[in-house]
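# Structure at a glance
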Amino acid sequence: MAQNTEFHPRSKHPTLYQSFKDFGQQIPEDMAPVSELWCPFALEGDYIFATIAVEAGLTSTQVDSLLTLFHRIKQGMTSSQFSKFEITAPYKGEGVMFQVHACPLWDRALDLLQNPSLAPHFVWDAQWLFKHDGEKYERFYTEPWTGDRWWDIQSWLPTHMENAVPFTFILYANKTQLLSHGTVKGYPVVAHCANLPVHIRNGEQYGGGCIVGWLPIVPELAQEERKTSYANFKHAVWHEAFFKLLEKVAELSKVGYLYECYDKVLWWLFPVILILSADYEELCCPCPFCLVPSDRLWDLSKMYEMHTSEQCKEVLAVYMDKKSVGEQKLKFLGLCPLKNVFWSIEHSEPEQAASFEPLHSLHGGMGGKHMHEELKIAVSELGHDFETKLEEQVSAFPHWWGLAHFDTQCFYTALNILTTESSPAGYQLLCMMHSYLQLDSLIGLDIQTEKTIGMIENELIVFRDELKENWNFPKAHLWKHITRDIRSKGAIHNYSAWPNEKMHGPLKDAYQDHSNDDNDSLLAQILCIDHHRLVIKLIQVCIDAENECTNLAASDDAGNNEDNSGKFEENMKLSTPQQPTSLSDIETAHKDDRAFDRFCWKLETFLNICLPTYGYPLNESLSETKITFVQLIFFFTCKIGAYDDSFQFTLVQPLMASTRVHRLDQDFNLIRVKAVSHASSIFIPMKSII
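Below: a short report on this structure.

Procedures and definitions
- Residues numbered from 1 in each chain as written.
- Predicted model: local features only at pLDDT ≥ 70, side-chain atom pairs only at ≥ 80, totals over all residues.
- Heavy atoms only, no water.
- Helix = DSSP H or I, 4+ residues; strand = E, 2+ residues; numbered from the N terminus.
- Buried < 20%, exposed > 50% of the residue type's maximum accessible area, 1.4 Å probe, protein only.
- Phe/Tyr/Trp six-rings, centres within 6.5 Å; stacked < 30°, edge-to-face > 60°.
- Lys NZ or Arg CZ within 6 Å of the ring centre and 35° of its normal.
- Pairing = 2+ DSSP bridges.
- Axes fitted to C-alpha atoms, helices over the stretch in contact; angles between N-to-C directions.

As a further point, take unusual backbone geometry. Most of the time, phi is negative for any residue but glycine, and the peptide bond is trans. Here Lys 12, not a glycine, exhibits a phi torsion of approximately 65 degrees, which is positive. Summarising the element assignment, Lys 12 is placed in the loop between strand 1 (2–7) and strand 2 (16–19). Residue class for Lys 12 comes out exposed when judged on its relative accessible area of 67%. Phi is positive for Asn 669, close to 50 degrees, though the residue is something other than glycine.

What follows is the structure in structure tokens.
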């Protein structure tokens, strides 16, 4: 299968044609290792001790000596630290002051740019990716630079500046409970660099998300509840606080920043806020993307006029000129009478950057909250026995790796409870859950093609027919804009909140360790500990790079030319092997398991048929292929006779016994499977597993 990459015209890169095997396998140019691995520590032992102290959450008295060391980190190693700012927002004729803790966003960008381990991984130019499916080329989307938004931004940058490219940020901000019980909340802001690939950007090592700010939380006052003036006041505080993060970025977005990369090429970097991933206070209601009427949120079949920054600025100008007229226009657009902080940054329109967020909209929204509550109501109407049955079936549901969503379990375990006879309304709910799960699977793909995007659009119509007017709320409508986001900014993992939500855990731990401090020193301690963790990540990435370089050099000296990159081409990879053993010993060790009956004989018979699939001409060959469900039993690698290659096989139990068709199989497009006897196990090549 052929792949080609079409670069932005300003990159001056010719179109790159590759086979599927070679696509994405380019190895970046190696960087020289850092000479002072655990700087500012003199010895590795000092660094390890500091790491333990931070992880243990020691008090300030206990870590005085460590703090002295951390503050001696030399310039360029990690220069970004938090500063405290005071902002003032007017309310009822008085200025109300709040404190903001911020590490300017561009300081974070410079830290990443100056890191030699990250330098080879930066991607500057927009790319359009295509694959050939045997008949035609089809575009596909993965990283943010494969979407249309990056391409458009690069086209708008100044033409008189050579190598003008966007430096793109992903921002996330959301309140979090600092204690599982209690009312204390924090408001961290997390930044990612979208120029780095997703495995780095969403990873937990240096180069992943970093806390760059802590916003003030305006108190919820009962006497001010539902007052438009107080809502506007909270919005004003949010935007004024956020500007402390973006002030330098706003300036550089207009003039650019000249930077020499590791390859000695000079780039003009223009900072851009590419993606906003959260429930943002500046976003419009009922929809941040379009002008959908509040009573039509459930209808996913219709398109409405999109919000634009120019439209919002014009309405705000009308408000400033004549308040009574402007108020009505602002209300229609769901806006507050203030300037949006993102307007100060070129090519960072908030309605373009705002993105569908799967964690809160899917598993924490429609599926994990609303549908689950409706399902509990439907089952409770059938009586206590059915409630107990559902709980027992959920507990007995197989614990598959990666299957952490309760909505998936509830759907399958309720199929024999909410039937057409026992609960017509419950059965209708299952129909909606089925469409939801179809969308969830399609939306979550890391690679999206025009075909899969078309499948999402078709399923949204099915989902809309199941929603009806009973599900008329904003999170139901946001699904309408999923495909727009994918085409604009790549696959959904680029704007998922999941990597950011995981960062809340260490913040909560730090809060609990220092909860006896006063509020000002408490927040300073939390941010100081977070900064220490960042320093540890930075030092560790230098150590890892040096160790990798040393290991590669030792491998070359030993004449070992095997690829140690850790990449693999197939769908699976075996982990560390066990000690070698004979086939007869395997059969003997599993003599009580019917699946291993005549293990050696069945393997010999299988090899006479299977080896042609590996390219070895034998008398027999596989005549056809089909998709079959199996249960995995045993993985192994073996050597065969005169062949130099190793072969990877799997012993499986086919799920191919005949079953009768049920109505719900047809209604929900389910495939009903039944296992053959354990003694009827077969072998398959591991590479045949999808």
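Time to look at the packing of aromatic side chains. Counted by the stated rule, this structure contains 34 aromatic pairs. For the pair Tyr 91 and Tyr 230, a centre-to-centre distance of 5.3 Å together with 70 degrees between the ring planes defines the contact as edge-to-face. Placement of Tyr 91 in strand 3 (residues 83–91) and of Tyr 230 in helix 6 (residues 228–255) is noted, with a sequence separation of 139 residues between them. Overall, the relative accessible area of 13% leaves Tyr 91 in the buried class. Taking 6.2 Å as the distance between ring centres and 0 degrees as the angle between the ring planes, the aromatic pair formed by Phe 647 and Phe 649 counts as stacked. Here Phe 647 and Phe 649 have matching classes, each one buried. Clustering of aromatic rings is evident, with ring pairs tying together Phe 596, Phe 599, Phe 606, Phe 634, Phe 636, Phe 647, Phe 649 and Phe 683. Over the ring of Tyr 206 we find Arg 108, and its NZ or CZ is 5.4 Å from the ring centre. Arg 598 extends its terminal NZ or CZ atom over the ring of Trp 601, reaching a point 4.4 Å from the ring centre.

In spatial order, the strands read 3-4-11-10-7-13-12; together these seven strands make up an open sheet with mixed pairing. The sheet is open, and its two edges are formed by strand 3 and strand 12 (257–260), each paired on a single side. On average, adjacent strands in this sheet sit at an angle of 35 degrees to one another, irrespective of strand direction.

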